[in-house]
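Close look at the chain arrangement
Listed below, chain by chain, are the residues.
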Amino acid sequence: QAQLVESGGGLVQPGGSLRLSCAASGSILRYNFMGWYRQAPGTERELVATITSGGSTNYVDSVKGRFTISRDTAKDTVYLQMNSLKPEDTAVYYCHAKHSWGVGYWGLGTRVTISS
């Protein structure tokens, strides 16, 4: 059973930055892709950004140009650098990892609050 542990959330003013980390219990290259999702109160969980085992990245339109997903395979960690944060980015951010055969894992989430 894989474990994913998110960290780095917090309270930031609009326009600020945060870097989220997702530490995996084993090699992240085992997964077909890893990604960050978020869920704001009263909404469904939405995909924010993904990175494949080959290193390709993808973003939801609302964060393009502001967020960057990256990874450190030596540390088995995936990051989400979030810049120019907006109040609408407020949510619990979850790390997700998925094998090519469909089995996936979730972390417990880290809360991000953007407020002045």
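For the structure, see preceding data.
Residues numbered from 1 in each chain as written. Predicted model: local features only at pLDDT ≥ 70, side-chain atom pairs only at ≥ 80, totals over all residues. Heavy atoms only, no water.

**Considerations on the packing of aromatic side chains**
Counted only if it meets this: The rule is short: rings of Phe, Tyr and Trp, with Trp giving its six-membered ring, pair when the centres are within 6.5 Å, and they are stacked under 30 degrees, edge-to-face over 60, tilted in between. Elements are defined by DSSP. Helices are runs of H or I of four residues or more, strands are runs of E of two residues or more, and each kind is numbered from the N terminus. A 1.4 Å probe rolled over the protein chains alone gives each residue an accessible area, and that area as a share of the maximum for its type sets the label: buried under 20%, exposed over 50%, partly exposed in between. In our convention, an over-ring charge means Lys NZ or Arg CZ found within 6 Å of a ring centre and within 35 degrees of that ring's normal.
Going through the model one piece at a time under the given rule, you end up with 3 aromatic pairs. Their ring planes at 70° and their centres at 6.1 Å tell us that tyrosine 31 and tyrosine 105 sit as a pair that is edge-to-face. Taken together, the residues tyrosine 31 in the loop between β3 (18–24) and β4 (33–39) and tyrosine 105 in strand β10 (residues 104–106) connect sequence positions 74 residues apart. For tyrosine 31, a relative accessible area of 1% puts it in the buried group. Residue tyrosine 105 is classed as buried on the basis of its relative accessible area of 15%. Here the aromatic rings of tyrosine 94 and tryptophan 106 are separated by 6.5 Å at their centres, their planes lie at 85°, and the arrangement is edge-to-face. In this pair, tyrosine 94 is assigned in strand β9 (residues 91–98) and tryptophan 106 in strand β10, connecting sequence segments 12 residues apart. Clustering of aromatic rings is evident, with ring pairs tying together Tyr37, Tyr94 and Trp106. Above the ring of tyrosine 94, the side-chain terminus of arginine 45 is found at 3.7 Å from the ring centroid. Seen from the ring of tryptophan 106, arginine 45 lies directly overhead, with NZ or CZ sitting 4.6 Å from the centre.

**A word on unusual backbone geometry**
Although it is not a glycine, aspartate 76 sits at a positive phi angle of roughly 50°. Position of aspartate 76 relative to the elements: it lies in the loop between β7 (67–72) and β8 (77–82). One non-glycine residue with positive phi stands out, namely serine 84, at about 50°. Looking at the secondary structure, you find serine 84 in the loop between β8 and β9. Under the relative-accessibility criterion, serine 84 is labelled partly exposed at 41%.

**Observations concerning the pattern of salt bridges**
As a reminder, the rule being used: The salt bridge definition used is simple: a Lys or Arg side-chain nitrogen within 4 Å of an Asp or Glu carboxyl oxygen.
Per the stated rule, a full pass over the model turns up 4 salt bridges. The partner of arginine 38 in a salt bridge is glutamate 46, with the nearest N and O atoms 2.6 Å apart. Judged by relative accessible area, arginine 38 falls into the buried class, the value being 6%. Relative accessible area serves as the criterion here: at 30%, glutamate 46 is assigned to the partly exposed category. Note that arginine 66 and aspartate 89 form a salt bridge whose closest N and O atoms lie 2.8 Å from each other. One end of the pair, arginine 66, is in the loop between β6 (57–59) and β7; the other, aspartate 89, is in the loop between β8 and β9, with 23 residues separating them in the sequence. Note on accessibility: arginine 66 and aspartate 89 belong to one class, buried. When salt bridges that share partners are traced, they join Arg38, Glu46, Arg66 and Asp89 into one network.

**Examining the pairing of β9**
The following threshold applies: What makes two strands pair is DSSP finding at least two bridges between them.
Of all the 8 residues making up β9, 7 are buried; the element is thus mostly covered by neighbouring parts of the structure. Pairing of β4 with β9 involves 7 bridges; the strand directions are antiparallel. Among the inter-strand pairings, tryptophan 36 is bridged to a residue of β9, identified as cysteine 95. In the sheet, β9 pairs with strand β11 (residues 110–114) via 3 bridges, with the strands oriented antiparallel. Across the sheet, valine 92 pairs through a bridge with arginine 111, a residue of β11. Hairpin connection from β9 to β10: 5 residues lie between these consecutive antiparallel strands, with glycine 102 at a positive phi of about 110°.

These results come straight from atomic positions and should not be treated as a statement about function.
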